[in-house]
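Here is what each chain is made of, one letter per residue.
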Amino acid sequence: MIELITGGSGSGKSEYAERRICLAHEKNMERPLVYIATMQPYGAEGHERVKRHRKMRRGKGFDTVECYKDIAGLNITEGSDAILECIGNLVANEMFSSETADAGCVSRIKRGIDTLARNCKNLCIVTNEVFSDGIKYDAGTDMYMRAIAEVNMYIASIADRVTEVVFSVPITIK
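Attention here is on the structure that accompanies the text.

### Points about the nonpolar core
Then, in step 1: With 28 residues, the main nonpolar core has I36, I87, V91 and I125 as its most contacted residues.
Then, in step 2: Secondary-structure elements contributing two or more residues to this core are β1 (2–7), β2 (33–37), β4 (80–85), α3 (87–95), α4 (105–119), β5 (120–126) and α5 (139–158).
Then, in step 3: The biggest single contributor to this core is α4, with five residues.
Then, in step 4: I125 has contacts with I2, E3, L4, I5, L84, I87, I113 and I155, leaving out every residue within four places of it along the chain.
Then, in step 5: Within the second largest apolar cluster, 14 residues are counted, among which are I5, I21, A37 and V126.

### Re the pattern of salt bridges
Then, in step 1: Following the criterion strictly, the structure yields nine salt bridges and no others.
Then, in step 2: Put simply, E3 and R161 hold a salt bridge, and the shortest N to O gap is 3.2 Å. Placement of the pair is E3 in strand β1 and R161 in strand β6 (residues 161–166), with a sequence separation of 158 residues.
Then, in step 3: For E3, a relative accessible area of 0% puts it in the buried group.
Then, in step 4: Classification of R161 by relative accessible area gives partly exposed; the value is 24%.
Then, in step 5: The partner of D81 in a salt bridge is R31, and the shortest N-O contact between them spans 3.1 Å.

### Here's the deal with the pairing of strand β7 (residues 169–172)
Then, in step 1: Here β6 runs beside β7; their pairing, made up of four bridges, is antiparallel. Bridge assignment links E164 to a residue of β7, and that residue is I171.
Then, in step 2: Connecting the antiparallel pair β6 and β7 is a turn made up of two residues, with F167 showing a positive phi of about 50 degrees.

### A short note on the sheet that holds strand β3 (residues 63–66)
Then, in step 1: If you trace the seven strands from one edge of the open sheet to the other, you get β3-β2-β4-β5-β1-β6-β7, paired in mixed fashion. Edge positions in the sheet fall to β3 and β7, since each has one partner strand and no second. The sheet shows a mean angle of 20 degrees between the axes of neighbouring strands, taken without regard to direction.
Then, in step 2: Bridge analysis of β2 against β3 gives four bridges, and the strand direction is parallel. Counted as the bridge partner of V34 is D63 from β3.
Then, in step 3: Here α4 sits on the sheet and contacts β1, β2, β4 and β5; the angle it forms with β5, its principal contact strand, is near 140 degrees.

### Describing α3
Then, in step 1: Within α3, seven of the nine residues are buried, leaving the element largely enclosed by the surrounding structure.
Then, in step 2: Of the positions making up α3, those classed as buried are I87, G88, L90, V91, N93, E94 and M95.
Then, in step 3: Against the buried residues of α3 lie β4, α4, β5 and α5.

### Here's the deal with the pairing of β1
Then, in step 1: The element β1 is extensively covered by neighbouring structure, given that six of its six residues are classed as buried.
Then, in step 2: Side chains of β1 alternate between two faces, with I2, L4 and T6 and E3, I5 and G7 buried alike.
Then, in step 3: In this structure, β1 lies alongside β5, joined through four bridges in parallel fashion. When the bridges of β5 are listed, E3 appears paired with C124.
Then, in step 4: Sheet topology places β1 next to β6; five bridges connect them, and they run parallel. The residue bridging I5 from the neighbouring strand is T163, located in β6.

Quick notes on the rules
- Residues numbered from 1 in each chain as written.
- Predicted model: local features only at pLDDT ≥ 70, side-chain atom pairs only at ≥ 80, totals over all residues.
- Heavy atoms only, no water.
- Core = buried A, V, L, I, M, F, W, Y, C linked by side-chain atoms within 4.5 Å.
- Buried < 20%, exposed > 50% of the residue type's maximum accessible area, 1.4 Å probe, protein only.
- Helix = DSSP H or I, 4+ residues; strand = E, 2+ residues; numbered from the N terminus.
- Contact = heavy atoms within 4.5 Å.
- Salt bridge = Lys/Arg side-chain N within 4 Å of Asp/Glu carboxyl O.
- Pairing = 2+ DSSP bridges.
- Axes fitted to C-alpha atoms, helices over the stretch in contact; angles between N-to-C directions.

This is the structure we're talking about:
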């Protein structure tokens, strides 16, 4: 089962993703339970967010794997239940890791998603809602947002379920 979970910042999508994967994991607790963290913490706010997410996961049995780029290279045990959090961070890490923005990151991320989908029994992927604010952004930000949108559309096309979380309320889209 692949589920894409989207929503705005602070919508409750991370907590919902954890509930969903833990529910799937209850069916076979022998499988590894993996949390793939893509956020590189910068500054006090970033470190605080990581701390908050670790506290949310405490005691749930997750093995946390920090992977900022190249998710295709992850060594995830076949049959694992996993959360990938989040596509926005992964795209930023892949796209802006060098002096020039790399629009080719989309195909690398899609390959990584395919690898995870093959290796995981259940996979919840957390992403950000983009383009709903109607604001025109500079070229670099627009390229970044389009990359997220392209990855999101790909994941939605292969997902068994797509859920938007609004004010901690899950709304099933697919």
